[in-house]
Amino acid sequence: MKWPSRNLRVAILAGIGVCSMTGLGFAAVPLYRMFCEATGLNGTTQRGLRAPGSVGQKITVAFDSNVAKGIPWKFQPERREDTIDIGGRDMAFFTATNTGDHEVTGTATFNVTPIYVGKYFTKIQCFCFTQQTLKPGETVRMPVIFYVDPKILDDPDARDVQEITLSYTFYPAESPAIAAAAAKAH
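Nothing here was measured: the structure is a model prediction, and the numbers come from that model.

Turning to the overall build of the protein, a few remarks are in order. For the protein, the count of helices and strands is two helices and ten strands. Counted from the first residue to the last, the protein has its helices and strands arranged as α-β-β-β-β-β-β-β-β-β-β-α. Residues classed as buried in the protein amount to 42% of the 186 residues present. Counted over contacts in the protein with a minimum sequence separation of 6, partners at least 24 positions apart contribute 76%. When the accessible surface of the protein is totalled, it reaches about 10600 Å², and 56% of it is carbon and sulfur.

Let us look at unusual backbone geometry. Cis geometry marks the peptide bond from Thr-113 to Pro-114; its omega dihedral reads -5 degrees. Checked against the element boundaries, Pro-114 lands in the loop between strand S6 (104-113) and strand S7 (121-126).

With that settled, the discussion passes to a nonpolar patch on the surface. On the surface, Leu-8, Ile-12, Leu-13 and Ile-16 cluster together to form a nonpolar patch covering roughly 390 Å² of accessible area. By the element assignment, Ile-16 lies in helix H1 (residues 6-39).

Adjacent strands of a sheet pair through backbone hydrogen bonds, lying either parallel or antiparallel. Spatially, the five strands line up as an open sheet ordered S4-S2-S10-S6-S8, and their pairing is mixed. Sheet topology places strand S4 (81-85) and strand S8 (132-134) at the edges, where each strand pairs with a single neighbour. Going across the sheet, the axis of each strand differs from the next one's by a mean of 30 degrees, ignoring polarity. Examined bridge by bridge, S6 and S8 share three bridges and lie antiparallel to one another. Of the residues in S8, the one forming a bridge with Thr-105 is Thr-133.

Let us now look at the pairing of strand S9 (residues 139-148). Within a regular strand, the side chains alternate between the two sheet faces. As defined by bridge partners, strand S5 (residues 90-98) adjoins S9 across eight bridges and the pair is classed as antiparallel. In the strand pairing of S9, Asp-90 is matched with Phe-146. Both S7 and S9 contribute to a ladder of five bridges, which runs antiparallel. Bridge assignment links Gln-125 to a residue of S9, and that residue is Ile-145.

In the structure shown here, the tally under the stated rule is twelve aromatic pairs. Taking 6.2 Å as the distance between ring centres and 70 degrees as the angle between the ring planes, the aromatic pair formed by Phe-63 and Phe-146 counts as edge-to-face. Within this pair, whereas Phe-63 is found in strand S2 (residues 58-67), its partner Phe-146 is found in strand S9, the two being separated by 83 residues in sequence. For Phe-63, a relative accessible area of 4% corresponds to the buried category. When its relative accessible area of 0% is taken as the criterion, Phe-146 is described as buried. A centroid spacing of 4.8 Å and a plane angle of 90 degrees characterise the contact between Phe-75 and Phe-170, whose relative ring orientation is edge-to-face.

The rules behind these values
- Residues numbered from 1 in each chain as written.
- Predicted model: local features only at pLDDT ≥ 70, side-chain atom pairs only at ≥ 80, totals over all residues.
- Heavy atoms only, no water.
- Helix = DSSP H or I, 4+ residues; strand = E, 2+ residues; numbered from the N terminus.
- Buried < 20%, exposed > 50% of the residue type's maximum accessible area, 1.4 Å probe, protein only.
- Contact = heavy atoms within 4.5 Å.
- Areas by Shrake-Rupley, 256 points an atom, 1.4 Å probe, with all protein chains shown as cover.
- Patch = residues over 30% accessible without salt bridge, like charges linked within 9 Å, V, L, I, M, F, W, Y side chains within 5 Å.
- Salt bridge = Lys/Arg side-chain N within 4 Å of Asp/Glu carboxyl O.
- Pairing = 2+ DSSP bridges.
- Axes fitted to C-alpha atoms, helices over the stretch in contact; angles between N-to-C directions.
- Phe/Tyr/Trp six-rings, centres within 6.5 Å; stacked < 30°, edge-to-face > 60°.

No statement about biological role is implied by the geometric values presented.
As structure tokens, then:
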């Protein structure tokens with residue numbers, strides 16, 4: 001059996017390298033998202049189905065709201081903070097009003113600070129999982145159902161945290177910034 005010429009072998013290896021790098025490029029965002037969800041990196045929260053139950057200790061959750069340029073909405077939490085039971089299911093409401101003269105669809109991105117407690121903050125239901133469309137003058141009330149995982153009490157870096165801030169920013173759904181922010185947040 002005769003081996004291909006050296007130039008052909010180099011070309012084949014280069015082609016394999018290009019294909020591998022292209023595949024890795026497409027896989028980077030989902031892999032980064034999975035990594036952030038597993039580690040809580042950059043304040044990424046977890047998703048869950050059910051709270052484990054209160055462990056008898058409390059923590060304060062502050063709520064922050066922002067609206068990006070280009071979305072004519074008034075967006076705010078109904079309460080700025082809430083003291084909750086660690087491990088217990090809790091619910092907070094945000095309201096959004098379209099102050100513009102046309103229908104607008106927005107998408108919320110989120111994060112938790114301090115960022116190292118993101119892995120202990122679990123959302124059961126959130127308006128950030130779907131796009132929100134508001135007609136001119138329309139106001140909606142949007143819930144987020146969540147809990148703080150009791151494992152936070154076992155983490156020497158996080159067990160003394162007294163307050164967690166859950167922050168949302170609404171972007172126009174068609175905004176290029178939303179794709180980058182959503183990839184980072186989710």
